[in-house]
Amino acid sequence: MKIFSAAQIYEADKITTERQGISSIELMERAATQVFNWMHQRMQGAQVKIHVFCGIGNNGGDGLVLARHLYQHGYNVDTYVVNCSDKRSKNFLVNYDRIKAETKSWPTLIKKGDELPEIGKDDIIVDAIFGIGINRCPDDWVITIMQGLNNAGAYIVSVDIPSGLFSDKLPEKPEAVIRAGYTLSFQTPKLIFFLPQTGHYTEQWEILDIGLDRQYLVETQTAAELIGKHEVLPIYQPREKFDHKGTYGHSLIIGGSHGKIGAVQLASRAALTAGAGLVTAYVPGCGYHSMQTALPEAMVLTDSSEEEITQIKFKIDPTVIGLGMGMGTGKKAKIALEVFLKDNRKPLVIDADALNIMAADKTLLELLPENTVLTPHPGELERLVGKWEDDFDKLERTKAFAAKYKLIVTIKGANTITVHPEKIYINVTGNPGMATAGSGDVLTGIITGLISQGYDPLQATVFGVYLHGTAGDLALEGRGYQAMIAGDIINHIGKAYVALFKQPEQEQQQEE
Ligand SMILES: NC(=O)C1=CN([C@@H]2O[C@H](COP(=O)(O)OP(=O)(O)OC[C@H]3O[C@@H](n4cnc5c(N)ncnc54)[C@H](OP(=O)(O)O)[C@@H]3O)[C@@H](O)[C@H]2O)[C@@H](O)CC1
Ligand SMILES: [K+]
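Bear in mind the structure is a predicted one, so any value in this text is a computation, not a measurement.

Draft legend 1. Representation of the domain arrangement of the protein chain. Domain parsing of the protein chain yields domain 1 (17–220) and domain 2 (244–499). Between the C-alpha centres of domain 1 and domain 2 the distance comes to 43 Å. Between domain 1 and domain 2, the contact holds 8 residues from the first and 7 residues from the second. When its residues are assigned to classes, the side of domain 1 that touches domain 2 shows 4 nonpolar, 2 polar and 2 charged.

Set out below in structure tokens:
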């Protein structure tokens, strides 16, 4: 699903009114009616007190439309206008008059110095103070009101975006943001829902389709895309009856050191389970027996050193190489990596210690083939791209880094983000149980295994991250967050593939 920027949403707004021959007032009516329908469907006329807090722009206008519909349908609603600026928007003013005409009284104006009205813990607050048009930090007295709403204990539903959040930067003051239970967002998810520093301002979110111009939505390229099942299904490559193991390529997994052979085992097993035809592990001598025993399906090559990787030399012809897990960052490992990279022409997936070696000597990055996949966690990423100011800066730095070296960089986290110079891909699957030792090795293995089967590196990364997250989600059922270990993720890769083609429960029931 595309994630449109604020500028693109305003553009879509304009084009929609032109092409559909409607006024912006009609579009606001349509959008806010969707919010009303959403609430009405859930509340079914319940007489819970609803406090609608409006700003003075179009987000406030949405709030006024919603309040009018709630009133018309007999809900117990109070409407307030937080009078944060004298410049009220045209569509706000039209709806300000309309609600007066309907209720025979003006909404309650909240000005500087005014107290918050009494709000019960069982009440509902609708937050329509600021939308995507916020352009500066709210005044202190407005922040006090926002804090009052956050602390009232009532459930908060935000319209479009939790008020106070900016589309493209962090709020100056964390207390100047509404903490929503639910955000009903118009037409497109907002990037801020997926960034660690801003995502926590709403517990849940949902998209309301407000019928913006289809052609614009289809044709416009966005800088970010949300990756769910619908996005990965077209990537999936079905297997043919007469395919054989050679069709699915040969993955070479290189890494490990004394005490860290498990990382290579996990990555190798994940590559095989993701579907690689053949897997060879390249480990120091001390890893030979444990690799052969733990994973008889893989072949094993050993370094001349018993303890660590000192030279990467092999006589096989792999399709793709996944490298770096558990290999250490010592001098010998560094030299081995450098000598190997100077000669290598194979596609690469690079993780862990190999990333740290490269971060310490950035000239090595220039030796990477185009579209090499890097899978850093935030600590490794910082060593590569430098310290960032905030999540937006992190993305910009990673994008510039990916463009400079022509790489694909996957930033592991709650919403793993794959950064390609032209676009970022935000994954929706996964859970906190996956923050466990070896989880990253499994991801590297899956991506390597996918490239080996013929997925191009970007597809393999986007699909691999999705599969990894789905496998983790499926593993959760029997394990819970705490008990999940990396091997559980591998054990559920098969189910993650199967889940791609499962119909939602409801549809299945209808078919029976
Ligand atoms: N296609 C869609 O998605 C549709 C979207 N719609 C809705 O429109 C919303 C965007 O509306 P919007 O552009 O009027 O901006 P919004 O956020 O309501 O208000 C900001 C206003 O307040 C002001 N202001 C800014 N910062 C301030 C501050 N700190 N303290 C005080 N004042 C401040 C600023 O004016 P200024 O004072 O700068 O002149 C500005 O006018 C969007 O989120 C969605 O809810 C639907 O109605 C229709 C379809
Ligand atoms: K809002």
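Draft legend 2. Broad picture of the nonpolar core. The biggest cluster of nonpolar side chains holds 146 residues, and the ones touching the most others in it are Val52, Phe53, Val82 and Val126. Top element by residues in this core is helix H15 (residues 457–483). It accounts for 9 residues. With residues up to four places along the chain from it excluded, the contact list for Val82 reads Phe53, Cys54, Gly55, Ile110, Ile129, Val142 and Ile145.

Draft legend 3. Local environment of the site of ligand 1. In the vicinity of ligand 1, 33 residues are found, and the nearest of them are Gly57, Asn58, Asn59, Gly131 and Gly133. With 5 residues, helix H3 (residues 58–72) is the single largest residue contributor to the shell around ligand 1.

Draft legend 4. Local environment of the sheet that holds strand E8 (residues 202–208). Pairing in this open sheet of 7 strands is parallel, and the strands run E4-E3-E2-E5-E6-E7-E8 from one edge to the other. Strands with a single pairing partner mark the edges of an open sheet, and in this sheet they are strand E4 (108–110) and E8. On average, each strand axis in the sheet is tilted by 25° relative to the strand beside it, whichever way the strands run. Across the face of the sheet, H3 comes into contact with strand E2 (50–54), strand E3 (77–82), strand E5 (124–128) and strand E6 (155–159) while running at roughly 155° to E2.

Draft legend 5. Spotlight on helix H4 (residues 90–103). Here H4 is 14 residues long and its end C-alpha atoms lie 20 Å apart, about the 20 Å a rise of 1.5 Å per residue gives. Those residues of H4 lying buried are Asn91, Phe92, Asn95, Tyr96 and Ile99. One side of H4 holds all its buried residues, which, seen down the axis, span an arc of 140°. Residues of H4 that are exposed and angled more than 90 degrees away from the buried face: Lys90, Asp97 and Ala101. Contact partners of the buried residues in H4: helix H2 (24–43), H3 and E3. Immediately beyond the C-terminal end of H4, within one or two residues, lies Lys104, with a positive phi of roughly 70°.

Draft legend 6. Spotlight on the packing of helix H8 (residues 262–274) against helix H14 (residues 439–452). Direction vectors running N to C along H8 and H14 enclose 40°, while the axes themselves pass 7 Å from each other. The orientation of H8 relative to H14 falls into the category oblique. Our pair here, H8 against H14, has a crossing hand that is right-handed. Between H8, through Ala263, Leu266, Ala267, Ser268, Arg269, Ala270, Ala271, Leu272 and Ala274, and H14, the contact on the second element is made entirely by Asp441, Val442, Thr444, Gly445, Ile446, Thr448, Gly449, Leu450 and Ser452. Looking at the contact of H8 with H14 residue by residue, the classes come out as 10 nonpolar, 6 polar and 2 charged.

Draft legend 7. Just the pairing of strand E16 (residues 407–411), in detail. Across the 5 residues that make up E16, a large majority, 5, are buried. Side chains of E16 alternate between two faces, with Leu407, Val409 and Ile411 and Ile408 and Thr410 buried alike. Bridge count for strand E15 (residues 372–374) against E16 is 3 bridges, and the pairing is parallel. Across the sheet, residue Thr372 finds its bridge partner in E16, namely Leu407. Across 3 bridges, the pairing between E16 and strand E17 (residues 417–420) is antiparallel. Across the sheet, residue Ile411 finds its bridge partner in E17, namely Ile417.

Draft legend 8. Molecular detail of the sheet that holds strand E1 (residues 2–3). A sheet is described by the order of its strands in space; here 11 strands give the open sequence E1-E9-E18-E17-E16-E15-E14-E13-E10-E11-E12, paired in mixed fashion. Each edge of the sheet is formed by a strand with only one pairing partner; in this case those strands are E1 and strand E12 (299–302). Helix-sheet contacts for H8 involve strand E10 (250–254), strand E11 (278–283) and strand E13 (320–323), and the interaxial angle to E11 is about 170°.

Draft legend 9. Summary view of H2. Given a rise of 1.5 Å per residue, 20 residues ought to cover 28 Å, and the 28 Å separating the end C-alpha atoms of H2 matches this to within 8%. Among all positions of H2, only Leu27, Met28, Glu29, Ala31, Ala32, Val35 and Met39 are buried. Buried residues along H2 sit against helix H1 (6–20), H3, H4, E6, strand E7 (180–186) and E8. Gln44 sits one or two positions beyond H2 and adopts a positive phi of about 50°.

Parameters and conventions
Residues numbered from 1 in each chain as written. Chains lettered and ligands numbered in written order. Predicted model: local features only at pLDDT ≥ 70, side-chain atom pairs only at ≥ 80, totals over all residues. Domains from an automatic or database assignment. Contact = placed C-beta atoms within 7 Å. Nonpolar A, V, L, I, M, F, W, Y, C, P; charged D, E, K, R; others polar. Core = buried A, V, L, I, M, F, W, Y, C linked by C-beta atoms within 7 Å. Buried ≥ 20, exposed ≤ 12 C-beta atoms within 10 Å, placed from the backbone. Helix = DSSP H or I, 4+ residues; strand = E, 2+ residues; numbered from the N terminus. Near = placed C-beta within 6 Å. Pairing = 2+ DSSP bridges. Axes fitted to C-alpha atoms, helices over the stretch in contact; angles between N-to-C directions. Expected span 1.5 Å × (residues − 1). Arc of directions from axis to C-beta. Parallel < 35°, antiparallel > 145°, perpendicular 65-115°, else oblique. Left-handed = near helix turned anticlockwise from the far one by under 90°.

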